[in-house]
Amino acid sequence: MLVSDTKKSIIAFRSHALQGSISVPGDKSISHRSFMFGALASGKTHITGLLEGEDVLRTGKAMQAMGAVLSKAHDTWIVQGVGNGCLLQTDQPLDFGNAGTGARLTMGLVGTYDMETAFIGDSSLSNRPMGRVLIPLRLMGTQVTAAKGDRLPVILRGPRVAAPITYRVPMASAQVKSSVLLAGMNTPGITTVIESSITRDHTEKMLHGFGAEIDVETAASGARIIRLVGQGNLKGQIIHVPGDPSSAAFPLVAALIVPGSDIMIHNVLMNPTRTGLFLTLQEMGADITFLNKRKTSGEDVADLRVRSSALRGIHVPSERVPSMIDEYPILSIAAALAEGRTIMTGIGELRFKESDRLSSVSNGLKANNIPCTEGSDSLVIEGCPSGKGIGGGIVSTCLDHRLAMSFLILGLAVENRVTVDDGTMIRTSFPQFTTLMEGLGATFV
Ligand code: S3P
């Protein structure tokens with residue numbers, strides 16, 4: 001099921017203490033990669049816990065269009081892959097809807113093939129820069145046709161034989177790193193990607209698990225040098241996708257800011273490249289306990305007990321940005337209910353997400369009487385722990401799921417109702433969001 005074009009507003013009201021036990025849907029980054037790497041591998045990949053949100057289902061459709069066979073038996077998705085180097089030319093453009101990860105990684109996956117592939121998306125995705133993945137593809141020999149500013153629609157035509165490159169990723173981006181590595185899978189020789197500091201490492205870990213020859217060296221500076229031997233074989237795997245920490249962040253912050261709350265969130269991915277928000281909230285005074293720590297499909301996982309807490313503002317260290325890049329909208333809500341000032345710096349990359357999140361978060365805060373200052377790559381928020389006089393605004397969500405969910409969480413803890421102008425796009429990453437939150441005691445209309 002794909003998102004309809006009809007907007008639907010949602011209103012959140014101040015709620016009583018949240019109580020109960022939930023599991024959040026599978027991790028979005030791992031779910032996209034499970035479909036992609038399964039499609040590229042020989043044999044079958046079995047996936048449980050997959051996020052069945054629109055973004056991931058679009059990736060699944062794209063993989064089907066390129067020759068993979070997808071099916072579902074009970075709660076397991078099965079991908080019959082084509083084998084590395086054997087993706088098929090598509091006769092229709094691949095439509096990635098709202099999904100930057102789906103579009104950018106697939107550009108790498110197929111961009112070095114000697115065939116033509118077209119990419120389209122919704123108005124949010126069509127506004128996002130694709131140059132960051134098109135630049136390395138051009139260096140590998142791919143001919144690119146794109147709209148102004150290297151935006152969608154994009155058509156890629158790979159060379160007869162792609163050239164391996166050594167590429168230093170200019171911004172902290174797991175999507176760019178992954179796109180170049182995937183392009184390297186169909187390229188003879190060694191493709192090398194260098195990142196100045198670590199970003200989410202699912203591509204490296206999972207490609208290794210599928211049998212790729214990939215090696216990671218960490219320099220004294222902290223830079224990571226990732227070398228991939230192209231044209232190797234990948235073999236189908238069994239994958240259990242753990243719960244998405246970026247989705248867990250919403251009920252987690254809700255429990256922290258709604259007085260008297262005490263909830264459990266089960267089976268949350270604890271990969272250290274993804275847990276920056278948990279650390280930051282603990283520094284702000286959050287009561288989060290990590291229980292039953294274990295490994296699932298090679299990833300750290302835990303159950304989280306979260307109790308409402310008196311939060312205080314802090315300066316969030318900018319070196320932590322990559323490990324919580326998707327969590328700044330919901331962190332801003334925690335900051336709005338914290339004592340004192342929260343300072344977030346080094347967050348210019350937020351401008352290239354599903355919306356320009358620096359502006360859209362700051363506009364949403366101001367619309368709800370929360371004082372904040374937006375800089376070119378920073379945001380400073382003055383908190384109001386009682387929530388008195390806060391809320392009452394209508395938030396423009398700009399096709400951004402994390403913006404919609406964040407401001408609905410705000411509405412649960414403040415004096416006046418908070419309205420988001422559209423909540424339909426929440427289905428791209430967290431289709432069960434309102435139902436799960438209502439089960440904990442949240443009031444939405
Ligand atoms: C993702 C990487 C991040 C993140 C996105 C998912 C991934 O994007 O914001 O939601 O799965 O690789 P950037 O690479 O643009 O930082």
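Residues numbered from 1 in each chain as written. Predicted model: local features only at pLDDT ≥ 70, side-chain atom pairs only at ≥ 80, totals over all residues. Heavy atoms only, no water.

### Considering the overall build of the protein chain
Each helix and strand in the protein chain was counted, giving 13 helices and 24 strands. What you see for the protein chain is a C-alpha radius of gyration of 21 Å, in line with the 22 Å of a compact globule of 445 residues. Based on the C-alpha atoms only, the size of the protein chain along its principal axes is roughly 65 × 50 × 45 Å. Counting over 445 residues, the protein chain shows a buried share of 58%. Restricting the contact set of the protein chain to residue pairs at least 6 apart, pairs at least 24 apart contribute 76%. Here the protein chain has roughly 16,100 Å² of accessible surface; of this, 52% comes from carbon and sulfur atoms. Computed over 41 positive and 40 negative side-chain charges, the separation of the two mean positions in the protein chain equals 0 Å. (Helix = DSSP H or I, 4+ residues; strand = E, 2+ residues; numbered from the N terminus. Rg over C-alpha atoms; globule rule 2.2 N^0.38 Å. Buried < 20%, exposed > 50% of the residue type's maximum accessible area, 1.4 Å probe, protein only. Contact = heavy atoms within 4.5 Å. Areas by Shrake-Rupley, 256 points an atom, 1.4 Å probe, with all protein chains shown as cover. Lys, Arg positive; Asp, Glu negative; His and termini not counted. Charge placed at Lys NZ, Arg CZ, Asp CG, Glu CD.)

### Focus on the sheet that holds strand 13 (residues 224–229)
Each strand in a sheet pairs with another by means of backbone hydrogen bonds, the pair being arranged parallel or else antiparallel. Spatial ordering of the open sheet is given by 10-11-13-12, a layout of 4 strands whose pairing is mixed. A single partner strand is all that each edge strand has here, and the edge strands are strand 10 (166–168) and strand 12 (214–218). Across the sheet, the axes of successive neighbouring strands diverge by a mean angle of 15°, strand direction being ignored. (Pairing = 2+ DSSP bridges. Axes fitted to C-alpha atoms, helices over the stretch in contact; angles between N-to-C directions.)

### Focus on the pairing of strand 1 (residues 10–13)
Strand direction decides the pairing type here: strand 1 and strand 23 (residues 418–420), joined by 3 bridges, are antiparallel. The residue bridging Ala12 from the neighbouring strand is Val418, located in strand 23. Sheet topology note: the strand 1/strand 24 (residues 443–444) ladder contains 2 bridges and is antiparallel. Residue pairing for strand 24: Phe13 is matched across the bridge by Thr443.

### Some remarks on the site of the ligand
Every residue near the ligand is listed here: Ser29, Arg33, Thr101, Arg132, Ala172, Ser173, Ala174, Gln175, Arg200, Ile325, Asp326 and Lys353. With respect to the ligand, the side chain of Arg33 contributes an N or O atom lying 2.7 Å from an oxygen atom. Gln175 is positioned with one of its backbone polar atoms (N or O) 2.9 Å from an oxygen atom of the ligand. Contact with the protein chains removes 94% of the 390 Å² of surface that the ligand exposes when unbound. (Near = heavy atom within 4 Å. Polar contact = N/O pair within 3.5 Å; in protein donor to acceptor, adjacent residues only side chain to side chain.)

### A look at the sheet that holds strand 24
Across the sheet, 4 strands lie side by side as 22-23-1-24; this open sheet has mixed pairing. Looking along the sheet, the strands with just one partner apiece sit at the ends: strand 22 (394–395) and strand 24. Packed onto the sheet, helix 12 (residues 401–413) meets strand 1, strand 22, strand 23 and strand 24 and runs at close to 35° relative to strand 1.

### A look at the layout of surface pockets
What the largest pocket holds in volume is close to 490 Å³. Contributing to the lining of the largest pocket are 32 residues, with Gln175, Arg200, Ile325, Asp326 and Lys353 lying nearest its centre. At the level of secondary structure, the elements contributing two or more residues to the lining of the largest pocket comprise helix 1 (28–40), helix 3 (100–111) and helix 6 (174–185). Ranked by the residues each element gives to the lining of the largest pocket, the list is headed by helix 1, at 4 residues. (1 Å grid on protein atoms, 1.4 Å probe; cavity = no way out; pocket = protein on both sides within 12 Å on 5 of 7 lines; lining within 4 Å. Points joined across faces, edges and corners; volume = space filled by probe spheres on them.)

### Structural notes on the environment of Asn98
Relative to the assigned elements, Asn98 resides in the loop between strand 6 (94–95) and helix 3. Sequence separation between Asn98 and Asp114 is 16 residues, and the spatial gap between their C-alpha atoms is 27 Å. Discounting residues that sit within four places of it in the chain, Asn98 has contacts with Asp55, Asp122, Ser124, Leu125, Arg128, Glu354, Leu399, His401 and Thr428. Reaching out from Asn98, the side chain makes a polar contact with the backbone oxygen of Leu399 at a distance of 3.2 Å.

### A short note on the packing of aromatic side chains
Under the counting rule described, the total for this entry stands at 7 aromatic pairs. Consider the rings of Phe96 and Phe119, whose centres lie 6.0 Å apart with planes at 15°: the pair is stacked. In this pair, Phe96 is assigned in the loop between strand 6 and helix 3 and Phe119 in strand 7 (residues 116–120), connecting sequence segments 23 residues apart. In textbook terms, an aromatic cluster arises when at least three aromatic residues are bridged by ring pairs, as seen for Phe250, Phe430, Phe433 and Phe444. (Phe/Tyr/Trp six-rings, centres within 6.5 Å; stacked < 30°, edge-to-face > 60°.)

### Comments concerning the packing of helix 8 (residues 245–257) against helix 9 (residues 276–283)
Between helix 8 and helix 9, whose axes approach to 10 Å, the crossing angle comes to 20°. One way to sum up the angle between helix 8 and helix 9 is to call them roughly parallel. Note on packing geometry: the crossing formed by helix 8 with helix 9 is right-handed. Residues Pro245, Ala249, Leu252, Val253 and Leu256 of helix 8 pack against Leu277, Phe278 and Leu281 of helix 9. Grouping the constituent residues of the contact of helix 8 with helix 9 by class yields 8 nonpolar, no polar and no charged. (Parallel < 35°, antiparallel > 145°, perpendicular 65-115°, else oblique. Left-handed = near helix turned anticlockwise from the far one by under 90°. Nonpolar A, V, L, I, M, F, W, Y, C, P; charged D, E, K, R; others polar.)

### Re the pattern of salt bridges
Taken as a whole and assessed by the stated rule, the structure comprises 32 salt bridges. Measuring nitrogen to oxygen at the nearest pair gives 2.9 Å for the salt bridge that ties Arg274 to Asp27. Of this pair, Arg274 sits in the loop between strand 15 (262–269) and helix 9 while Asp27 sits in the loop between strand 2 (19–23) and helix 1, placing them 247 residues apart in sequence. Here Arg274 matches Asp27 in class, with each residue buried. Of the charged contacts in the structure, one is a salt bridge between Lys205 and Glu299, with a shortest N-O distance of 3.1 Å. Separated by 94 residues along the polypeptide, Lys205 in helix 7 (residues 202–209) and Glu299 in strand 17 (residues 299–307) bring together distant segments of the chain. Classification of Glu299 as buried rests on a relative accessible area of 6%. (Salt bridge = Lys/Arg side-chain N within 4 Å of Asp/Glu carboxyl O.)

### Focus: helix 10 (residues 328–336)
With respect to burial, helix 10 is a largely interior element, 9 of its 9 residues being buried. Those residues of helix 10 that fall on the buried side of the exposure criterion are Tyr328, Pro329, Ile330, Leu331, Ser332, Ile333, Ala334, Ala335 and Ala336.

### Topic: the packing of helix 6 against helix 7
Following both chains from N to C, one finds helix 6 and helix 7 inclined at 25°, their axes separated by 9 Å at the closest point. Judged by the inter-axis angle, helix 6 sits roughly parallel to helix 7. Contact residues: helix 6 offers Lys177, Ser178, Leu181, Leu182 and Met185, while helix 7 offers Thr203, Glu204 and Leu207. Of the residues assigned to the contact of helix 6 with helix 7, the class counts are 4 nonpolar, 2 polar and 2 charged.

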